[in-house]
Amino acid sequence: MQKIIDIEQIRKDYEAFIQGRKSFMLSFVDKEGKPFSSSAAFVQVNGKFYVYVSRIAEHHQLLDDAQVVDVLCVADQAVTQNHFATERARWQCMPKNLGNEGHEEVFAAFDEVHTANMMKLLRTLDFSLFELTPLKGRYVVGFGKAFDIDFEEDTLTHVVIDKK
């Protein structure tokens with residue numbers, strides 16, 4: 001018998017999961033076709049993600065050049081009960097370099113999440129603000145509980161695999 005999935009509860013869980021994260025992994029394919037991964041502190045404002053990255057960081061240039069970046073949030077491994085079914089969310093995002101001026105609503109979110117003192121210091125350095133617009137994604141909560149995310153349609157769809 002197939003268990004009924006409460007999609008509204010899944011949506012609430014997904015949103016709470018994202019709100020509980022302060023950093024995520026970024027994955028790219030560089031100009032030579034080699035994979036590259038890094039991490040970055042982020043905030044979410046109006047459905048978009050924002051990272052504030054130093055020009056010294058290897059992923060700054062990759063963000064600047066990329067058409068698409070893969071982003072991954074993973075639950076805390078110390079409290080994950082089953083590491084084969086770790087809660088996680090992944091998105092393909094379109095990056096855009098916004099520079100370091102304006103966007104005070106985004107910087108206010110950074111102040112709240114990552115402390116105003118830290119952001120005051122970082123804003124004096126060589127950092128750039130990048131906007132990451134999610135295109136599509138997947139949220140996994142456990143075995144048989146994967147959900148495709150369509151941002152344009154604002155939907156979560158349960159992924160069902162025919163086991164035959």
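Up top you'll find the structure we're talking about.
Remember, it's a predicted structure, so these values are computed and weren't measured experimentally.

## Description of the packing of aromatic side chains
A full pass over the atoms with the stated rule returns 11 aromatic pairs. For the ring pair Phe 24 and Phe 42, a centre distance of 4.2 Å and an interplane angle of 10 degrees mean the geometry is stacked. Note that Phe 24 is positioned in strand E1 (residues 23-29) and Phe 42 in strand E2 (residues 35-45), a separation of 18 residues in sequence. Of the aromatic side chains, those joined through ring pairs into one cluster are Phe 24, Phe 42, Phe 49 and Trp 91. When the ring centre of Phe 107 is taken as origin, the NZ or CZ atom of Arg 123, which lies over that ring, is 3.6 Å away.

## Some thoughts on the layout of surface pockets
Here the second largest pocket defines a volume of roughly 240 Å³. Lining the second largest pocket are 13 residues, with Tyr 14, Glu 15, Gln 44, Phe 151 and Asp 154 positioned closest to its centre. Mapped onto the lining of the second largest pocket, the elements with two or more residues apiece are helix H1 (7-19), strand E7 (145-150) and strand E8 (155-158). With five residues, H1 is the single largest residue contributor to the lining of the second largest pocket. Of the residues contributing to the lining of the second largest pocket, the split by class is five nonpolar, four polar and four charged.

## A closer look at the nonpolar core
Core analysis: the biggest nonpolar cluster contains 28 residues, and Phe 24, Leu 26, Val 51, Leu 63, Trp 91 and Leu 132 have the highest contact counts within it. Per element, the largest residue contribution to this core is four residues, and it comes from H1. Residues in contact with Leu 63, not counting those within four places in the same chain, are Leu 26, Phe 28, Val 51, Val 53, Val 69, Pro 95, Phe 130 and Leu 132. Val 43, Phe 107, Phe 127 and Leu 129 belong to the second-largest nonpolar core, a separate cluster that totals 13 residues.

## Concerning the pattern of salt bridges
Close approach of charged atoms allows side chains with opposite charge to pair. Taken as a whole, this structure holds six salt bridges when the rule is applied. For Glu 131, the salt bridge is made with Lys 48, and the minimal N-O distance between the two is 3.7 Å. Taken together, the positions of Glu 131 in strand E6 (residues 127-142) and Lys 48 in strand E3 (residues 48-54) put the pair 83 residues apart, joining distant regions of the chain.

## Let's talk about helix H2 (residues 58-65)
Side chains of residues three or four places apart in an α-helix project in the same direction, reflecting 3.6 residues per turn. Buried residues of H2: His 59, His 60, Leu 62 and Leu 63, and no others. Elements that come into contact with the buried residues of H2 comprise E1, E2, E3, strand E4 (69-74), strand E5 (88-99) and E6.

## Remarks on the pairing of E8
Of the strand pairs in this sheet, E7 and E8 are connected by four bridges, and their pairing is antiparallel. By the bridge assignment, Asp 150 is partnered in E8 with Thr 155. Hairpin geometry of E7 and E8 is characterised by an intervening segment of four residues between the two adjacent antiparallel strands and by a positive phi of about 55 degrees at Asp 154.

## So, helix H3 (residues 104-114)
Of the residues making up H3, those classed as buried are Val 106, Phe 107, Ala 109, Phe 110 and His 114. Projected down its long axis, H3 shows its buried positions confined to an angular sector of 150 degrees, all on one face. Opposite the buried face of H3, at more than 90 degrees from it, the exposed residues are Glu 105 and Glu 112. One or two steps after H3, the chain reaches Thr 115, where phi turns positive at roughly 80 degrees.

Rules used in this analysis
- Residues numbered from 1 in each chain as written.
- Predicted model: local features only at pLDDT ≥ 70, side-chain atom pairs only at ≥ 80, totals over all residues.
- Heavy atoms only, no water.
- Phe/Tyr/Trp six-rings, centres within 6.5 Å; stacked < 30°, edge-to-face > 60°.
- Helix = DSSP H or I, 4+ residues; strand = E, 2+ residues; numbered from the N terminus.
- Lys NZ or Arg CZ within 6 Å of the ring centre and 35° of its normal.
- 1 Å grid on protein atoms, 1.4 Å probe; cavity = no way out; pocket = protein on both sides within 12 Å on 5 of 7 lines; lining within 4 Å.
- Points joined across faces, edges and corners; volume = space filled by probe spheres on them.
- Nonpolar A, V, L, I, M, F, W, Y, C, P; charged D, E, K, R; others polar.
- Core = buried A, V, L, I, M, F, W, Y, C linked by side-chain atoms within 4.5 Å.
- Buried < 20%, exposed > 50% of the residue type's maximum accessible area, 1.4 Å probe, protein only.
- Contact = heavy atoms within 4.5 Å.
- Salt bridge = Lys/Arg side-chain N within 4 Å of Asp/Glu carboxyl O.
- Pairing = 2+ DSSP bridges.
- Arc of directions from axis to C-beta.

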